[in-house]
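So the chains spell out like this:
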Amino acid sequence: MNLEEICLPIKSELVQLESVIQKKLVSTVPFVTNVAEYVVKNGGKRLRPIFSLFSSRLAGSTDQRTIECAAAMEFFHTATLMHDDVVDDANLRRGKPSANSRWGNQVAVLVGDFFYCRASDLIIGTEDLRIIQLITNAMRITTEGEILEISKSSDLATTEEDYLKIVEQKTAILMGVCCEMGGLLGNVSEEFCSALRDFGLNVGIAFQLADDVLDYVSESDKFGKTKGTDLKEGKLTLPLIVALQKAGDAEKRLIKDALIAEKLEERRLKEIISIIQKYDGISFTKRKAQEFVNKAKQSLTIFKPSIDREALIALAGYVIERES
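Report on the accompanying structure.

Criteria and cut-off values
- Residues numbered from 1 in each chain as written.
- Predicted model: local features only at pLDDT ≥ 70, side-chain atom pairs only at ≥ 80, totals over all residues.
- Heavy atoms only, no water.
- Helix = DSSP H or I, 4+ residues; strand = E, 2+ residues; numbered from the N terminus.
- Rg over C-alpha atoms; globule rule 2.2 N^0.38 Å.
- Buried < 20%, exposed > 50% of the residue type's maximum accessible area, 1.4 Å probe, protein only.
- Contact = heavy atoms within 4.5 Å.
- Areas by Shrake-Rupley, 256 points an atom, 1.4 Å probe, with all protein chains shown as cover.
- Core = buried A, V, L, I, M, F, W, Y, C linked by side-chain atoms within 4.5 Å.
- Axes fitted to C-alpha atoms, helices over the stretch in contact; angles between N-to-C directions.
- Parallel < 35°, antiparallel > 145°, perpendicular 65-115°, else oblique.
- Left-handed = near helix turned anticlockwise from the far one by under 90°.
- Nonpolar A, V, L, I, M, F, W, Y, C, P; charged D, E, K, R; others polar.
- Salt bridge = Lys/Arg side-chain N within 4 Å of Asp/Glu carboxyl O.
- Polar contact = N/O pair within 3.5 Å; in protein donor to acceptor, adjacent residues only side chain to side chain.
- Expected span 1.5 Å × (residues − 1).
- Phe/Tyr/Trp six-rings, centres within 6.5 Å; stacked < 30°, edge-to-face > 60°.
- Lys NZ or Arg CZ within 6 Å of the ring centre and 35° of its normal.

## Re the overall build of the protein
Line of reasoning, step 1. Per the secondary structure count, the protein includes 17 helices and 2 strands.
Line of reasoning, step 2. Relative to the compact-globule value of 20 Å for 324 residues, the protein shows a C-alpha radius of gyration of 20 Å, a close match.
Line of reasoning, step 3. The buried share among the 324 residues of the protein stands at 54%.
Line of reasoning, step 4. Taking the intrachain contacts of the protein between residues at least 6 apart in sequence as the baseline, contacts between residues at least 24 apart amount to 76%.
Line of reasoning, step 5. For the protein, the computed accessible surface area is about 14700 Å², with 52% contributed by carbon and sulfur atoms.

## Thoughts on the nonpolar core
Line of reasoning, step 1. Ranked by size, the top nonpolar core spans 105 residues in total, and within it Phe51, Phe115 and Leu240 carry the most contacts.
Line of reasoning, step 2. Residue contributions to this core peak at 13 residues, all from helix H9 (residues 160-185).
Line of reasoning, step 3. Apart from residues lying up to four places away in sequence, Leu240 is in contact with Tyr216, Leu231, Lys235, Ile255, Leu259, Ile272 and Ile276.

## Description of the packing of helix H2 (residues 11-24) against helix H4 (residues 47-58)
Line of reasoning, step 1. Closest axis-to-axis distance for the H2/H4 pair is 11 Å, and the angle between their directions is 130°. One way to sum up the angle between H2 and H4 is to call them oblique. Along this stretch, H2 crosses H4, giving a crossing that reads as right-handed. Every residue of H4 that contacts H2 at Glu13, Leu14 and Leu17 is listed here: Pro49, Ile50, Leu53 and Arg57.
Line of reasoning, step 2. Split into classes, the residues belonging to the contact of H2 with H4 amount to 5 nonpolar, no polar and 2 charged.

## Points about the pattern of salt bridges
Line of reasoning, step 1. A full pass over the atoms with the stated rule returns 26 salt bridges.
Line of reasoning, step 2. Residue Lys152 pairs with Asp162 through a salt bridge whose shortest N-O separation is 3.6 Å. With Lys152 in the loop between helix H8 (129-151) and H9 and Asp162 in helix H9, this residue pair connects regions lying 10 residues apart in the sequence.
Line of reasoning, step 3. Looking at Lys152, the relative accessible area reads 23%, which means it is partly exposed.
Line of reasoning, step 4. Two residues, Glu233 and Lys235, come together in a salt bridge whose shortest N-O distance is 3.2 Å.
Line of reasoning, step 5. For Lys235, a relative accessible area of 12% gives the class buried.
Line of reasoning, step 6. Connected through salt bridges with shared partners, the residues Glu265, Arg267, Arg268 and Glu271 form a single ionic network.

## Things to note about the side chain of Thr171
Line of reasoning, step 1. On the secondary structure map, Thr171 appears in helix H9.
Line of reasoning, step 2. In terms of polar contacts, Thr171 uses its side chain to reach the side chain of Gln208, at 3.4 Å.
Line of reasoning, step 3. Not counting residues within four places of it along the chain, the set of residues in contact with Thr171 comprises Ile166, Gly204 and Gln208.

## Quick word on helix H7 (residues 105-124)
Line of reasoning, step 1. With 20 residues, H7 extends 28 Å between its outermost C-alpha atoms, agreeing within 8% with the 28 Å of an ideal straight helix rising 1.5 Å per residue.
Line of reasoning, step 2. Those residues of H7 that fall on the buried side of the exposure criterion are Val107, Ala108, Val111, Gly112, Phe114, Phe115, Ala119, Leu122 and Ile123.
Line of reasoning, step 3. Where H7 is buried, its residues touch H2, helix H3 (30-41), helix H5 (64-88), helix H6 (99-103), H8 and H9.

## Quick word on the packing of H5 against H7
The packing of two helices is summarised by the inter-axis angle and the distance between the axes.
Line of reasoning, step 1. Packing of H5 against H7 brings their axes to within 8 Å, and their N-to-C directions diverge by 160°. Looking at the two axes, H5 sits roughly antiparallel to H7. Considering only the axes of H5 and H7, their crossing is left-handed.

## Considerations on the packing of aromatic side chains
Any pair of aromatic rings gets described here by the distance separating the centres and the angle formed by the planes.
Line of reasoning, step 1. Inspection of every chain in the model, using the stated rule, returns 7 aromatic pairs.
Line of reasoning, step 2. Taken together, the ring pairs in this structure connect Phe31, Tyr38 and Trp103 into an aromatic cluster.
Line of reasoning, step 3. Positioned above the aromatic ring of Phe207, the side-chain terminus of Arg48 is 5.3 Å from the ring centre.
Line of reasoning, step 4. Above the plane of the ring of Tyr38 lies Arg102, whose end atom (NZ or CZ) is 4.6 Å from the centre.

## Brief notes about helix H13 (residues 238-246)
Line of reasoning, step 1. Burial analysis of H13 places 7 of its 9 residues in the buried class, the great majority of the element.
Line of reasoning, step 2. All of the buried residues in H13 are Leu238, Pro239, Leu240, Ile241, Val242, Ala243 and Leu244.
Line of reasoning, step 3. At its buried positions, H13 is contacted by H9, helix H10 (190-217), helix H12 (229-232), helix H14 (249-260), helix H15 (266-278) and helix H16 (281-299).

## Regarding the environment of Ser55
Line of reasoning, step 1. Inspection of the secondary structure assignment puts Ser55 in helix H4.
Line of reasoning, step 2. Separated by 25 residues in sequence, Ser55 and Pro30 place their C-alpha atoms 35 Å apart.
Line of reasoning, step 3. Dropping the residues within four chain positions of it, Ser55 is found in contact with Cys178, Cys179, Gly182, Leu196 and Leu312.

This is the structure:
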């Protein structure tokens, strides 16, 4: 199934979600509203709120709080992306000029903070200390993950274990929060909240590994960013880490030069992609992503069969089958 088909059971909730998002984009400063609207309209599949909504339904929560918390997760995610683009000096986001490339780093950072504030407003509105603490902890972890990634930039000694730790802290934790929050909203026991958290974390890791593959194999018009962006930004992702473990000295030198170079020529990028494919980096990463999807699906077996459980299982498959 495609994403639209998977989301049919929550079609009305997604309409309500967009309404909440649009209302919260409005600022007393019109320029902030304009930038925020540009960023939100600039795409995004709303995957995190979708996971949040289905997890909430699976746990028995279908009230307005679930919509507002789902919107908060989209805002938190958007804020992290805006700050990431500044850190990475990225020019594109989902195939269009990033906020920092259009308005500069100062505006991008501050509008990112605006999204954090709006998300916080929505979370505080739940009046649930458990959820507030969950989000606060996640924001700390994602910040630490971002710094860990920076500290490992262009480090050829980075291991698979190092990288998966970065992925869990920087990316997967937010997906885990989306799902665990559904359990808290439904007021289910710790056993079920933990299962949802594990599901989200494993899906989040699989999602990032799929992104790592797409960065080397997808066409720019589908993926929304140019091929080899991670390499150009000095990031060692799993396909490259796998290749480095098997590469010869000359090949390692070629990769290192590419990681530290100001610009990466198309010819050099093709050479490195060839090295990655030679040493099974793409296939290995795909298999690893599937392993995490399988773990995610296993986490949901404690829930009885339902439309919502099947939707989450389908979403887990979707994150590694997508082309963008």
